[in-house]
Each structure stands twice: as structure tokens, then as C-alpha cells.
Amino acid sequence: MRALLLVFLLAGLAHAGDEAATPLPALSVSVLQFGTAHWELDHILHQGLDRQNGYRLELKLVANLPASRLAVTSGSVNGAVADLLWAQSRFQADTPYLYVPFSSRIGEIVVAEGSGIRAVPDLVGKRIGVAGGPDSKGWILLLKVAGQQGVNLDKSASVQFAAPPLLSQALKRGQVDVIVTYWHFAARLRGEGGWRSAFGMADLLTAMDLDRKLPVLGYVFPADWAEGHGALIDRFAASLSQAKMELADDESHWQRLRPLMGNPEEGVFQVLKEGFIAGKPAPQTDQRIADLHRLLVLTGAEADNLMPAGLFYRRQP
């Protein structure tokens, strides 16, 4: 009898050892080295939230957005961060991606503290710097809202497109009156002092009768790959939710991330932290997905060829 018990005990220990030795499934994500998504992904790794949720997160740091997109389209990583318009363009090109919400932050319209610009009509006759190109979602949205208010900014303002850092410098030098830029560049300017947000892109969404908390940025995964790895994506989404909650609740996590943010001075640091936390997307609902579809149409997508609801990840961890 004792011998039999010993056999069962040894078998149980061997089985436990096999389970412990089983490697966790890996999920690889391409991310900009100095991008805001890197903050929460680094937090996941540091806190071990990936392993707590039964997977292993692997990051591929890249220097620019084209490199990140190339990494996911070439299959060298499973996922990357992209905006809604990019995901829609991939769907139209018959290479659909599953879209997992990351942030509701789009951008802001920034002016000098003493500027008289406070609303869309005030942009008439002004020199406007726009981050990105003519297809920037923020610029397209601004044009749509302006048009609703009887303002044609293409004809009534002087517009130039450039990279966000260059636009920030142009604003400081007085070469432009206002810039339409990404939220974290706007946050840095406001944190330095002397600059303010004339209005935000969320205000433009409200003007178009859309939800202010739409997830305009997301983690994207090739749809065919995602279909076979649903459980892994659920685990990733759960760790994202945990990371966002922990970053919102504990200042010490941000102090550790401060070097990754470029060691900003205190004012900039606080505005960046608050902006990131405020960008936590609300849970996906049928109405929010309908609003995302409306936003896509407003920014140029064909109404009869939109990403289906099934490509918007909505399981709540």
C-alpha cells in the first residue's frame, strides 16, 4: 500500500513539474520607443501582469510609425499600435485587423496663452500648423466641423503640415498662430507654461454628436491570426485593463516610468500623466461602435465598406 501511494505521489509531482515547465504563450507587440503605449506595456512587464494573466509579452521597440506598421504587416510581430483610420484602410485593402482599444485621446488645438482663438470660427485668417498630413484624422475632423459652421479653412486660413516637434517649435517662434497636434505634444507645451488648449478634438466629436470617449487608437492584430488566438488576446486585454487601473491609482508607478517619458520637468510630467489616464477608453458598446462607424464615414470612408462590428474587440476583462 505504501509503495502504491509513493507511486501516485511521484506521478503527481512529475505532472506538476511538467505543468510548471510548460512555456507560456507569447504575444509580440511593436511599439514606438518613445510612444505613450510603451508606458503601459512597460508597466505590464515590470509588474508581471502578462504572466499573471497566463501569457508572455514581448516588445519590439521601433523608432517611428512606419517601422511599427511594417513590423505587424510583415508578420514579424503579432500586433502594433495604430489609429482607427489605418485599421479601416487595411480592411478596405482586404487585410483586416482586430482592433483592441488603447486610448480615446486624439489631439488638441494649441495656442499662446494670450491668443484670442477659442473656437473654430476664430481660425479664419490664421496660420495653422497641422501634425501629419492632409489625411490626419484631427485635421479632417476639424475641417468637417468648420464646414458645418460655414467656415472653409482650406481657403480662409494658411495651412502647413509638419511633424509634431517641428510644429511645437514653429509655434514658439511665432511662425504659426495655432497648431493641431497630438495630445502628448500639446501636453508638453501646456506643462511648460505659456500655452493653452483652444479646444480639444473631443470637443469636435461632441460638435458632430459623437461620443467623446471613442477609442481612436488601438492595438491591432491581423484578423486571421486573432481568430485563432482569441484566448491570448483576452489575456492581453485583461493585463491592459489592470495596467490602466494601477497607473491611475498609484503615483509611484509613474515615477518609475518618468525616464521612459524623457524625464520631463514636473509641470510637463503631471500633464502627461493626467492626459494618459484621462484617455482610458470607455467599454465598447453597440452605440460606441456605431459612433466609430460614423467617425470613419466623416473622415472619408465609404459607408458601405466599413470595418464590421466583429473587428472591434469588446470583451470586458
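- If you check an unreviewed UniProt entry, the protein chain appears there as ABC transporter substrate-binding protein from Marinobacter panjinensis.

1. Concerning the packing of helix 9 (residues 183-192) against helix 14 (residues 266-278)
Argument step 1. Where helix 9 meets helix 14, the closest approach of the two axes is 7 Å, and the angle between their N-to-C directions is 145 degrees. The way helix 9 lies across helix 14 gives a crossing that is right-handed. The segment helix 9 lies against helix 14, with Trp 183, His 184, Ala 187, Arg 188, Arg 190, Gly 191 and Glu 192 engaging Gly 267, Val 268, Val 271, Leu 272, Gly 275 and Phe 276.
Argument step 2. Residue composition of the contact of helix 9 with helix 14, grouped by class: 6 nonpolar, 4 polar and 3 charged.

2. Some thoughts on the pattern of salt bridges
Argument step 1. Following the criterion strictly, the structure yields 13 salt bridges and no others.
Argument step 2. Note that Arg 288 is salt-bridged to Asp 211, the shortest N-O span being 3.0 Å. Here Arg 288 is found in helix 15 (residues 286-298), whereas its partner Asp 211 is found in the loop between helix 10 (201-207) and strand 10 (217-222), with 77 residues between them in sequence.

3. Structural notes on the side chain of Glu 108
Argument step 1. Its location among the elements puts Glu 108 in strand 5 (residues 107-112).
Argument step 2. Ignoring any residue separated from it by four or fewer positions in sequence, one finds Glu 108 in contact with Ile 179, Val 180, Thr 181, Ala 186, Arg 190, Ser 197, Phe 199, Gly 200 and Met 201.

4. A short note on empty space enclosed by the protein
Think of a ball as big as a water molecule: rolled over the atoms, this probe shows where empty space is left.
Argument step 1. In the structure shown here, the tally under the stated rule is 1 cavity of 30 Å³ or more.
Argument step 2. Roughly 40 Å³ of volume is contained in the largest cavity.
Argument step 3. The element contributing the most residues to the lining of the largest cavity is helix 6 (residues 137-148), with 3 residues.
Argument step 4. Classifying every residue of the lining of the largest cavity gives 5 nonpolar, 2 polar and 1 charged.
Argument step 5. Looking at which domains feed residues into the lining of the largest cavity, each of domain 1 (26-104 + 213-311) and domain 2 (107-208) gives three or more.

5. Observations regarding the layout of surface pockets
Argument step 1. Its volume calculated, the largest pocket comes out at about 1,100 Å³.
Argument step 2. Taken together, 43 residues make up the lining of the largest pocket; nearest its centre are Leu 32, Leu 65, Tyr 182, His 184 and Leu 217.
Argument step 3. Looking at the lining of the largest pocket element by element, the count peaks at 4 residues for helix 9.
Argument step 4. Here the residues of the lining of the largest pocket sort into 25 nonpolar, 12 polar and 6 charged.

6. Observations regarding unusual backbone geometry
Argument step 1. A positive phi angle, close to 65 degrees, is found at Asp 94, a residue other than glycine.
Argument step 2. Structurally, Asp 94 is set in the loop between helix 5 (84-92) and strand 4 (97-103).

7. Some details on helix 8 (residues 164-172)
Because an α-helix packs 3.6 residues into every turn, residues spaced three or four apart end up facing the same way.
Argument step 1. All of the buried residues in helix 8 are Pro 164, Leu 167, Ser 168, Ala 170 and Leu 171. Buried residues of helix 8, viewed axially, fall in a sector of 160 degrees; they line one side.
Argument step 2. Of the surrounding elements, those touching the buried residues of helix 8 are strand 5, strand 6 (127-131), strand 7 (158-162), strand 8 (178-182), helix 9 and strand 9 (195-200).
Argument step 3. Looking one or two residues past helix 8, Gly 174 carries a phi angle of roughly 80 degrees, positive in sign.

The rules behind the values
- Think of each chain on its own: its residues are numbered from 1, step by step along the sequence as written.
- The predicted origin of the model limits local features to residues at a pLDDT of at least 70 and limits the giving and counting of side-chain atom pairs to 80 or more, whereas totals for whole chains, interfaces and linings rest on all residues.
- The basis for the side-chain values is all heavy atoms of the structure; hydrogens and waters are excluded.
- Helix axes are fitted to C-alpha atoms over the stretch in contact, other axes to C-alpha atoms as well, and angles between N-to-C directions run from 0 to 180 degrees.
- Each helix is a run of DSSP H or I of at least 4 residues and each strand a run of E of at least 2, with the numbering of both proceeding from the N terminus.
- The sense of a crossing depends on the near helix, which, turned anticlockwise from the far helix by less than a right angle, makes the crossing left-handed and, turned clockwise, makes it right-handed.
- Contacts are residue-level and defined by heavy atoms, with any inter-residue pair within 4.5 Å sufficient.
- Gly falls in the polar group here, along with every residue not listed as nonpolar (Ala, Val, Leu, Ile, Met, Phe, Trp, Tyr, Cys, Pro) or charged (Asp, Glu, Lys, Arg).
- For this document, the term salt bridge refers to a Lys or Arg side-chain nitrogen within 4 Å of an Asp or Glu carboxyl oxygen.
- A cavity, in this analysis, means grid points on a 1 Å lattice covering only the protein atoms where a 1.4 Å probe fits yet has no way out; a pocket is instead an open set bounded by protein on both sides within 12 Å along at least five of seven lines, and a residue lines either one if it has an atom within 4 Å of a point.
- Grid points are joined across faces, edges and corners, and a volume is the space filled by probe spheres set on the points.
- Start and end points for every domain follow an automatic or database-based domain assignment.
- The cut-offs for exposure are 20% and 50% of the maximum accessible area for each residue type, with area from a 1.4 Å probe on protein chains only; residues under the lower value are buried, those over the upper are exposed, and the others partly exposed.
- Taken from the helix axis, the directions to the C-beta atoms give the arc we talk about.

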